[in-house]
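Observations on the model geometry
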Amino acid sequence: MTAIESLHLEKKAKTDYQIFPLLQMRWSPRTFEDREIQDQELKQLLEAARWAASSYNRQPWRFIYAKKGTEAYNRIVDCLSDFNKRWAATAPLLLLSAYKEKTENGDDNFHALHDLGLSLGNMGIQAQHMGIGMHHMAGIDWKKAQDLFEVPDGFHITTAIAIGYYGGNVENLPKDLREQEVQERTRNPITTFAFEGKWKEES
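Please read these numbers as outputs of a predicted model, since none were measured by experiment.

1. Digging into the environment of Phe149
With respect to the helices and strands, the residue Phe149 is situated in the loop between α7 (142-148) and β4 (155-165). The exposure class assigned to Phe149 is buried, which follows from its relative accessible area of 14%. Put simply, Phe149 and Arg75 are 74 residues apart on the chain and 8.5 Å apart in space, counted from C-alpha to C-alpha. Residues contacting Phe149, with those up to four places away along its chain left out, are Ile64, Ala72, Arg75, Ile76 and Leu96.

As structure tokens, then:
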């Protein structure tokens, strides 16, 4: 068993209840195999996002992607926080997510962020099925990205995502990130976010 295979098994979620194995195995890596995401594979990820549910079928999600070695890729890296710049440039593919802020009637689309999340959830499970990891990053200067990528008014950049096949050498990460990469995954228990009948959040 290789080191990355061992790490992948160690990162398997220790769930309280049985869930779909692809969900159990999904995690957000900071290292990736040195292997290009092929155009066909990228189209499969985007196709999965395309078929996500959305309010009134508005499909408000938008994506800008760039392969490593391109000027567009470097521009995305330039928009990342200093923390994310330390590792994200190892990914063979970077993607910006965005959403359309208004409906066709000019009203605020209150559900657009929800729908964007659904599309990325679809993409994430498709990626997992293909052995591809996705690491979503909130640490991005979205205003800078809006300008650099000439995003029109009415659309809002939200996150950056590093995408690549699980793999890479964890030892190449800075020490603090290396420690985070191998630590056990945890989640809040169900009782902290799901309530029957009325709100019962614990203090």
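Additional details are given in the paragraphs that follow.
2. Looking at helix α3 (residues 39-50)
End to end, α3 covers 16 Å across twelve residues, agreeing with the expected 16 Å (1.5 Å per residue, within 8%). Of the surrounding secondary structure, the elements contacted by the buried residues of α3 are β1 (61-67), β2 (93-100), α6 (112-129) and β4.

3. Focus: the pattern of salt bridges
Counted according to the given criterion, the structure contains ten salt bridges. Close ionic contact of Asp78 with Lys144 constitutes a salt bridge, the shortest N to O distance being 3.0 Å. Of the two residues, Asp78 is situated in helix α4 (residues 71-79) and Lys144 in helix α7; the sequence distance between them amounts to 66 residues. Lys175 serves as the salt-bridge partner of Glu179, at 2.5 Å between the closest nitrogen and oxygen. Note that Glu179 and Lys175 are positioned in helix α8 (residues 175-182) at a spacing of four residues, about one turn of the helix.

4. A word on unusual backbone geometry
A positive phi angle is found at Asn57, which is not glycine, with a value near 55°. Following the sequence through the fold, Asn57 ends up in the loop between α3 and β1. Positive phi is not limited to glycine here, since Gln59 has a value of about 50°. Here Gln59 is to be found in the loop between α3 and β1. For Gln59, a relative accessible area of 30% gives the class partly exposed.

5. Describing the confidence of the model for the protein chain
Looking at the protein chain as a whole, its pLDDT mean stands at 93, while 95% of the residues score no less than 70. This model gives residues 1-6 a pLDDT under 50, and the stretch forms four contacts once residues within four places in sequence are excluded.

The rules we used
- Residues numbered from 1 in each chain as written.
- Predicted model: local features only at pLDDT ≥ 70, side-chain atom pairs only at ≥ 80, totals over all residues.
- Heavy atoms only, no water.
- Helix = DSSP H or I, 4+ residues; strand = E, 2+ residues; numbered from the N terminus.
- Buried < 20%, exposed > 50% of the residue type's maximum accessible area, 1.4 Å probe, protein only.
- Contact = heavy atoms within 4.5 Å.
- Expected span 1.5 Å × (residues − 1).
- Salt bridge = Lys/Arg side-chain N within 4 Å of Asp/Glu carboxyl O.
- pLDDT = per-residue confidence, 0-100.

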